[in-house]
Amino acid sequence: MKSINIAIVGVGNCASSLVQGLSHYRDGANDTVGLMHWDLGGYRPSDIHVVAAWDVDARKVGKDVAEAIFAKPNCTAVFCESIETTGTTVQMGRILDGVAEHMADYNDDRTFIVAKDRETTKEEVIAVLRATKTDVLMNYLPVGSQEASEFYAECALEAGVAFVNNIPVFIASNPEWADRFTAAGVPIIGDDIKAQLGATIVHRVLTDLFAKRGVKLERTYQLNTGGNTDFLNMSNHRRLASKKISKTEAVQSVAAERLEDENVHIGPSDYVPWQNDNKVCFLRMEGSMFGNVPMNLELRLSVEDSPNSAGVAIDMIRCAKLAKDRGLGGPIDAASAYFCKHPRTQMTDDLAQTAVEAFIAAA
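Please read all numbers here as calculations on a predicted model, not as lab measurements.

### Considerations on the pattern of salt bridges
Next, step 1: Tallying each qualifying case throughout the model produces 19 salt bridges.
Next, step 2: Among the salt bridges present, the one from Lys 122 reaches Glu 158, with a minimum N-O distance of 2.6 Å. Taken together, the residues Lys 122 in helix H3 (residues 122–131) and Glu 158 in helix H4 (residues 146–159) connect sequence positions 36 residues apart.
Next, step 3: Judged by relative accessible area, Glu 158 falls into the partly exposed class, the value being 41%.
Next, step 4: Bridged by salt links that share partners, the residues Arg 219, Arg 284, Glu 286 and Glu 298 form one connected network.

Structure below.
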């Protein structure tokens, strides 16, 4: 029977939605609304199993993944309450730069409570990945976790485990890291997951539409608010550099002409605690149409942030496993371009979809 063993780094809201989704979409449990692919290369969601997990929060370490995904400070929607015990215990991870200093200034229910357990070592992570026969390692660390992400990327490389980088730390799109994964024959998909129908994909599609319809885009902003730990973490703007680059480049790459820096502003804007995992995007685009006549567009998008990424993550996992099955190494460009904001090779979303479907169908 086909199966995909995954390991998770960071058992936060996104991991919660992913694990809930694996139960929700198990064969025959519910309809398939919300999935981009039910069967992807012969793999279904029910073929994915969590066999290892790491976190640093005291309320999660030592608990089964099925229990840990509902522990504070997680606050995402619960759409699948009945989750069977996985048999996989969350282990103490490596902190490094994964916990920002300002997180200590907030209420326990909103922030991380760092466990006092001994931190894991590189050798221990590699040993677990090998012992559990992990196929794909999912990076769900907080934005700005450069050192911690590189630590787990190193572990994946040495263990020969495919790496899916869901956060805006540049690994798949970094030439040195890309070359290392290629040389090792280990697949990587990244960087920075693009939600199913989120602010970035909507902004990209509209920007591409402007270009295709001959409308000159002159200036634009995308302002986002939310109340989960991701937005709280990003309220420290020093952790935002790569996130702003990732989101801005995702839009700039599909524009007919690149905008001057002063005419484009894209990024998380404010932390609103009562929103919890709800994310609200305020989007404005200004341009010129036929006869140089001005126009503008305003849009408000409200989504539950973490479930919005989970379906994409399920497809990324399966594409990473297909790449592994086929003996491919390095960045999987088609999957990265379709599923991520900052891939090594940018494509418009229609071309990326064609490319990823061709990748899935390839022998």
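### Observations regarding the state of the cysteines
Next, step 1: Enumeration according to the criterion identifies 0 disulfides in this entry.
Next, step 2: With no disulfide of its own, Cys 75 lies 11 Å from the sulfur of Cys 14, the closest cysteine sulfur.
Next, step 3: Not engaged in a disulfide, the cysteine Cys 80 finds its nearest cysteine sulfur in Cys 14; these two sulfurs lie 17 Å apart.

### Considering H4
Residue pairs spaced three or four apart in an α-helix point in one direction, given the helix's 3.6 residues per turn.
Next, step 1: In this model H4 runs 20 Å from its N-terminal to its C-terminal C-alpha over 14 residues, within 8% of the 20 Å that 1.5 Å per residue would give.
Next, step 2: When we look at burial in H4, the residues that qualify are Ala 148, Ser 149, Phe 151, Tyr 152, Ala 153, Cys 155, Ala 156, Leu 157 and Ala 159.
Next, step 3: Among the residues trailing H4, Gly 160 stands out with phi positive, at a value near 70 degrees.

### Focus: the sheet that holds strand S8 (residues 264–271)
Next, step 1: Across the sheet, which stays open at both edges, the 4 strands sit in the order S8-S7-S9-S10 with mixed pairing between neighbours. With partners counted over all chains shown, the strands left at the sheet margins are S8 and strand S10 (294–304), one partner each. Adjacent strand axes in the sheet meet at a mean angle of 10 degrees when their direction is disregarded.
Next, step 2: Here strand S9 (residues 278–288) runs beside S10; their pairing, made up of 11 bridges, is antiparallel. Counterpart to Glu 286 in the pairing with S10 is Asn 296.
Next, step 3: Its contacts with the sheet place helix H8 (residues 241–252) against strand S7 (216–226), S8 and S9, and it is angled at close to 140 degrees to S8.

### Describing the environment of Val 51
Next, step 1: Mapped onto the secondary structure, Val 51 falls in strand S2 (residues 48–55).
Next, step 2: On the accessibility criterion, Val 51 (22% relative accessible area) is partly exposed.
Next, step 3: With 73 residues separating them in the primary sequence, Val 51 and Glu 124 have C-alpha atoms 15 Å apart.
Next, step 4: Not counting residues within four places of it along the chain, the set of residues in contact with Val 51 comprises Asn 5, Ile 6, Thr 88, Thr 132 and Thr 134.

### Focus on the sheet that holds strand S3 (residues 90–92)
Think of a sheet as strands paired side by side through backbone hydrogen bonds, with each pair either parallel or antiparallel.
Next, step 1: With respect to topology, 7 strands assemble into an open sheet ordered S3-S2-S1-S4-S5-S6-S11, the strand pairing being parallel. Each edge of the open sheet is held by one strand with a lone partner, namely S3 and strand S11 (330–331).
Next, step 2: With 3 bridges joining them, S2 and S3 adopt parallel strand pairing. Pairing of Trp 54 across the sheet is with Gln 91, part of S3.

### Some details on the layout of surface pockets
Empty space among the atoms can be located by rolling a probe the size of a water molecule over them.
Next, step 1: There is about 340 Å³ of room inside the largest pocket.
Next, step 2: Forming the boundary of the largest pocket are 13 residues, of which Leu 22, Ser 23, His 49, Glu 84 and Thr 86 lie nearest the centre.
Next, step 3: Secondary structure elements with two or more residues in the lining of the largest pocket: helix H1 (13–24) and S2.
Next, step 4: Estimated volume of the second largest pocket: approximately 230 Å³.
Next, step 5: If you go around the second largest pocket, you meet 15 residues; those closest to its centre are Lys 216, Leu 217, Glu 218, Glu 257 and Leu 259.
Next, step 6: Partitioned by chemical class, the residues of the lining of the second largest pocket number 7 nonpolar, 2 polar and 6 charged.

### Notes on the UniProt feature "domain: Myo-inositol-1-phosphate synthase GAPDH-like" (unreviewed entry) in the protein chain
Next, step 1: In the numbering adopted here, UniProt assigns the feature "domain: Myo-inositol-1-phosphate synthase GAPDH-like" (unreviewed entry) to residues 198–306.
Next, step 2: Strand forms 38% of residues 198–306 and helix 29%; the C-alpha atoms that close the span are 10 Å apart.

### Quick look at the domain arrangement of the protein chain
You'll often see interface size given as the accessible area lost when the parts meet.
Next, step 1: As far as domains go, the protein chain holds domain 1 (4–194 + 307–361) and domain 2 (199–304).
Next, step 2: A C-alpha centroid distance of 25 Å is found between domain 1 and domain 2.
Next, step 3: Each partner contributes to the interface: domain 1 provides 32 residues, whereas domain 2 provides 32 residues.
Next, step 4: Between domain 1 and domain 2 lies a buried interface of about 2500 Å² when both sides are counted; carbon and sulfur atoms form 55% of it.

### Here's the deal with the packing of H4 against helix H5 (residues 175–184)
Any two packed helices are characterised by how steeply their axes cross, that is the angle between the axes, and by the distance between the axes.
Next, step 1: Two elements in contact, H4 and H5, have axes separated by 10 Å at closest approach and are oriented at 20 degrees. With respect to H5, the axis of H4 lies roughly parallel. Considering how the two elements wind past one another, H4 and H5 form a crossing that is left-handed. Within the contact between the two elements, H4 uses Glu 150, Ala 153, Glu 154 and Leu 157 and H5 uses Trp 177, Arg 180, Phe 181 and Ala 184.
Next, step 2: The residue makeup of the contact of H4 with H5, split by class, is 5 nonpolar, no polar and 3 charged.

What counts, and at which threshold
- Counting restarts for each chain, with residues numbered from 1 along the sequence as it is written.
- In view of the model being predicted, local features appear only for residues whose pLDDT reaches at least 70, and side-chain atom pairs are presented and counted only at 80 or more, with totals across whole chains, interfaces and linings using the full set of residues.
- Each side-chain value is worked out from all heavy atoms of the structure, with water and hydrogens disregarded.
- A carboxyl oxygen of Asp or Glu within 4 Å of a side-chain nitrogen of Lys or Arg is what we treat as a salt bridge.
- Here a strand is any run of E in DSSP of at least two residues, a helix any run of H or I of at least four, and the numbering for each starts at the N terminus.
- Three labels apply to residues, based on accessible area from a 1.4 Å probe with only protein chains included: buried if under 20% of the type maximum, exposed if over 50%, partly exposed otherwise in between.
- Our working definition of a disulfide is a cysteine sulfur pair at a distance within 2.5 Å.
- Here the expected length of a helix is defined as 1.5 Å per residue gap, with one fewer gap than residues.
- DSSP calls a pair of strands paired once it identifies at least 2 bridges connecting them.
- Fitting a line to C-alpha atoms yields each axis, with helices limited to the stretch in contact; the angle taken between N-to-C directions then spans 0 to 180 degrees.
- We call two residues in contact when some of their heavy atoms are within 4.5 Å.
- Residues are said to line a cavity or pocket when one of their atoms sits within 4 Å of a point; the points come from a 1 Å grid over protein atoms alone, cavities being sets where a 1.4 Å probe fits but cannot get out and pockets being open sets with protein on both sides within 12 Å along at least five of seven lines.
- Grid points are joined across faces, edges and corners, and a volume is the space filled by probe spheres set on the points.
- Three residue categories are used. Nonpolar comprises Ala, Val, Leu, Ile, Met, Phe, Trp, Tyr, Cys and Pro, charged comprises Asp, Glu, Lys and Arg, and polar comprises the others, including Gly.
- UniProt positions are given in the numbering used here, feature names are shortened, and annotations may be inferred rather than shown by experiment.
- These domain boundaries are the output of an automatic or database domain assignment.
- The term buried area denotes the loss of accessible surface (1.4 Å probe radius) that occurs when two parts are joined, taken as the sum for both partners.
- Note on terminology: angles under 35 degrees are roughly parallel, angles over 145 are roughly antiparallel, angles of 65 to 115 are roughly perpendicular, and the others are oblique.
- The hand of a helix crossing depends on one turn: near helix anticlockwise from the far one by less than a right angle means left-handed, and clockwise means right-handed.

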